[in-house]
Structures are given as C-alpha cells and as structure tokens.
Amino acid sequence: MSYMDVNLTNYTGVREKKADSRKAQTAAEAQRAEKERLEAENPWSPFDYRGDLSKNEPTQYLMFSKFLYDKGFFNDMDDEQAGKMEDMLRNIASGMDSIRGDA
C-alpha cells in the first residue's frame, strides 16, 4: 500500500478532530450544568417534562402514570379500570408529547 492509496475524503486532521471533540464535550457539560441548575431552582412536579423525545425518553403520560402509581392512585382499580385511566392519560398528554421545547 502506498501513500497514494490512502483515502482522505472528509478527513480533517487529528488536531481538528480533537478540537471538535473538546467543543462537543464542553457543550454537553454546559448543557448538563444548566439542566441541574434549573432542576435545583424548580423542584420536580408531575407536570414537568425534562426528557428528550428525540432520544425516546419517557412520554409525559408515563410521567403522570408513574406519579399516580407511586401515590397509590391505582391501588383500588382492577386491570380494566387502570387501563382506561392510562388510556385517558395518554390522550390528554399526547399534545404535550408532540411539543418539544429547548428552554
């Protein structure tokens, strides 16, 4: 193999690749710090959605359902009643799941 056989398509160089990696890491750390700051300022409530739908994180209805489950809301319901309640939560929350805010 000679140096003429090396494919340099889209190769930017090690220095640039490392700089891009550092920029991405710095941006991720800043985003994480901002999220932690916002969470500290605003205690969690079942109405908060801090997930990222593009990463298939939990939907809003699951957040409501878990909150209600943890509070014992479903304890006296049979499977059919609980299913109907979750269907209702899913319908109510579907609009919220379609909105993506980057606040």
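This section reports on the structure supplied with the text. (Residues numbered from 1 in each chain as written. Predicted model: local features only at pLDDT ≥ 70, side-chain atom pairs only at ≥ 80, totals over all residues. Heavy atoms only, no water.)

1. A closer look at the overall build of the protein
- Tallying secondary structure elements over the protein gives 3 helices and 0 strands in all.
- For the protein, the succession of helices and strands along the chain, N to C, is α-α-α.
- Burial statistics for the protein: of 103 residues in total, 13% are counted as buried.
- When the accessible surface of the protein is summed, it comes to about 8,700 Å², and 54% of that surface belongs to carbon and sulfur atoms. (Helix = DSSP H or I, 4+ residues; strand = E, 2+ residues; numbered from the N terminus. Buried < 20%, exposed > 50% of the residue type's maximum accessible area, 1.4 Å probe, protein only. Areas by Shrake-Rupley, 256 points an atom, 1.4 Å probe, with all protein chains shown as cover.)

2. Observations regarding the side chain of Ser65
- Mapped onto the fold, Ser65 is located in helix α2 (residues 60-70).
- Taking the relative accessible area as the measure of exposure, Ser65 reaches 7% and is therefore buried.
- Side-chain polar atoms of Ser65 contact the side chain of Glu86, separated by 2.2 Å.
- If sequence neighbours within four positions are ignored, Ser65 has contacts with Phe74, Glu86 and Leu89. (Polar contact = N/O pair within 3.5 Å; in protein donor to acceptor, adjacent residues only side chain to side chain. Contact = heavy atoms within 4.5 Å.)

3. What to know about the packing of aromatic side chains
- All told, the structure shown has 1 aromatic pair when counted by the stated rule.
- Seen from their ring centres, Phe73 and Phe74 are 5.4 Å apart, and the 85° between their planes marks the pair as edge-to-face. (Phe/Tyr/Trp six-rings, centres within 6.5 Å; stacked < 30°, edge-to-face > 60°.)

4. Re α2
- Residues of α2 that are buried: Gln60, Tyr61, Phe64 and Ser65. Around the axis of α2, the buried residues are gathered within 135° of arc, so they sit on the same side. Seen from the open side of α2, the exposed residues pointing more than 90 degrees away from its buried face are Lys66 and Tyr69.
- Note on α2: the residue one or two positions beyond its end, Gly72, has a positive phi of about 85°. (Arc of directions from axis to C-beta.)

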